[in-house]
Each structure stands twice: as structure tokens, then as C-alpha cells.
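What follows is each chain in one-letter form.
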Amino acid sequence: GDGNNNENDASPQEEKEEKPYQNVRIYAGDGIKLLSYIPSNSIDDILLTFPDPWPNNGHYKWRVIQIATLAEMKRVLKPNTGRFYLATDAVCFHEWTHDIFTKVVKEEGGWREVTPIPDRREWLPVMSKYELKGIEEGRFTMYQCWE
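Now for a description of the structure that goes with this document. Predicted model only: the values in this text are computed from it and were never measured.

Take the pattern of salt bridges next. Tallying each qualifying case throughout the model produces 9 salt bridges. Of the charged contacts, one joins arginine 83 and glutamate 147 as a salt bridge, the two residues approaching to 2.8 Å between their closest N and O atoms. One end of the pair, arginine 83, is in strand 2 (residues 83–88); the other, glutamate 147, is in the segment after strand 3 (142–146), with 64 residues separating them in the sequence. For glutamate 147, a relative accessible area of 16% gives the class buried. Residues participating in the shared-partner salt-bridge network are Asp89, Lys133, Glu137 and Arg139.

Right, here's the structure in full:
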């Protein structure tokens, strides 16, 4: 570092730590807006884990999964191999997502539900604090996979 306590500066210890993934990027913002900047056919997988379910009846329009979102995800995913994975403990969001994908499949095609869902350890090998809290409160995780 330059001594200015810049949060982007890595300490010598951090520089020595092995980074297990070289192809992972974190974007702390609205990922749906980010999709429009990603080149077509360039992403292997999109993981959506425990999004805000917006459970109230009038709030469905705020849910991250919408018909337009599916079109953008399909555009950036690699053809024939790109996958969308969902993990949620909100029944309303799980059902909403399945209904939106099913509607798009019926009207436009282009997506196929992957069953059985690939082993979670292959695509989500960790549990977040949020997921653990949900389990402690009696909720369970539901999954979907589409390609």
C-alpha cells in the first residue's frame, strides 16, 4: 500500500493468500442492470441465491425474476451450456420463478428445466449466514436450474 489506508491496497499477508478461483467477480450493486454490460454468450452460470422475495401481493413487480430479466440472462449465458441456478427459502419466490420460466418456455422456448438439479456442492458449496438463519427458523432451501 501507499500508507493512505486505501481499502483496495492488499497487505503483504493478503497478497500471499491463495485465491482458489481466478474467474469470479463480485459486483456490489444491481446485477440486473449489470447484465446489459456483459457481452452476449459469455457467462457459464448465473447464481441467484436468497433474493428478496417481495412476498406481499402488490410487490411482485419488484422481484428480480421477470420476463425481461430472463431474456437478458439468456443473452449473456453461453448457448447450450449456460445455466441459471436459484436457491431460495421463500415458497412464493420459488413458485414465481418457476411460473415465469414456464410462461417464457410456452411462449418463446429457449429454456429447459434441468432435472434432477445438479448437486448443490458443484455450484453452491457454501451456506450463507442468511441460509443458516432460515434453517434455524424452520425454513428449507428450494432449488431450480434452467438452461
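Mapped onto the fold, glutamine 144 is located in strand 3. Overall, the relative accessible area of 1% leaves glutamine 144 in the buried class. Engagement of the side chain of glutamine 144 in a polar contact is seen with the backbone oxygen of histidine 94, the distance being 2.7 Å. Polar side-chain contacts of glutamine 144 include one of 2.9 Å to the side chain of tryptophan 146.

Bringing the packing of helix 3 (residues 67–76) against helix 4 (residues 91–108) into the picture now. In the contact formed by helix 3 and helix 4, the axes pass within 10 Å of each other and the chain directions differ by 70°. Judged by the angle between their axes, helix 3 and helix 4 are roughly perpendicular. On helix 4, the residues that touch Ile67, Leu70 and Met73 of helix 3 are Ile100, Phe101, Lys103, Val104 and Glu108.

Time to look at the pairing of strand 1 (residues 45–49). Residues Ile46 and Leu48 of strand 1 are buried on one face, while the alternating residues Asp45, Leu47 and Thr49, pointing to the opposite face, are not. One ladder, built from 5 bridges, connects strand 1 with strand 2; its direction is parallel. Bridging from a neighbouring strand, aspartate 45 pairs with arginine 83 of strand 2. Note on the crossover from strand 1 through helix 3 to strand 2: the handedness is right-handed.

Of note is the side chain of glutamate 147, whose polar atom sits 2.8 Å from the side chain of arginine 83. A polar contact is formed between the side chain of glutamate 147 and the side chain of arginine 112, at a distance of 2.2 Å. In this structure glutamate 147 touches Lys74, Gly82, Arg83, Gly110, Trp111, Arg112 and Val114, once residues within four positions along its chain are discounted.

Glancing now at the packing of aromatic side chains. Evaluated as defined, the whole model comprises 8 aromatic pairs. Here phenylalanine 101 and tryptophan 111 contribute two aromatic rings whose centre-to-centre distance is 4.9 Å and whose plane-to-plane angle is 85°, an arrangement assigned as edge-to-face. In this pair, phenylalanine 101 sits in helix 4 while tryptophan 111 sits in the loop between helix 4 and helix 5 (120–123), placing the two residues 10 residues apart along the sequence. Just as phenylalanine 101 is buried, tryptophan 111 falls in that class too. Consider the rings of tryptophan 123 and tyrosine 143, whose centres lie 5.8 Å apart with planes at 90°: the pair is edge-to-face. In this pair, tryptophan 123 sits in helix 5 while tyrosine 143 sits in strand 3, placing the two residues 20 residues apart along the sequence. Among the residues examined, tryptophan 123 registers a relative accessible area of 8% and is labelled buried. Given the relative accessible area of 25%, tyrosine 143 is considered partly exposed. Sitting above the plane of the tryptophan 96 ring, arginine 63 keeps its charged end 5.0 Å from the centroid. Over the aromatic face of tryptophan 111 sits the side chain of lysine 74, whose NZ or CZ is 4.5 Å from the ring centroid.

Quick notes on the rules
- Residues numbered from 1 in each chain as written.
- Predicted model: local features only at pLDDT ≥ 70, side-chain atom pairs only at ≥ 80, totals over all residues.
- Heavy atoms only, no water.
- Salt bridge = Lys/Arg side-chain N within 4 Å of Asp/Glu carboxyl O.
- Helix = DSSP H or I, 4+ residues; strand = E, 2+ residues; numbered from the N terminus.
- Buried < 20%, exposed > 50% of the residue type's maximum accessible area, 1.4 Å probe, protein only.
- Polar contact = N/O pair within 3.5 Å; in protein donor to acceptor, adjacent residues only side chain to side chain.
- Axes fitted to C-alpha atoms, helices over the stretch in contact; angles between N-to-C directions.
- Parallel < 35°, antiparallel > 145°, perpendicular 65-115°, else oblique.
- Contact = heavy atoms within 4.5 Å.
- Pairing = 2+ DSSP bridges.
- Right-handed = clockwise from strand over helix to strand, strands pointing away.
- Phe/Tyr/Trp six-rings, centres within 6.5 Å; stacked < 30°, edge-to-face > 60°.
- Lys NZ or Arg CZ within 6 Å of the ring centre and 35° of its normal.

Nothing here speaks to function; it is all geometry.
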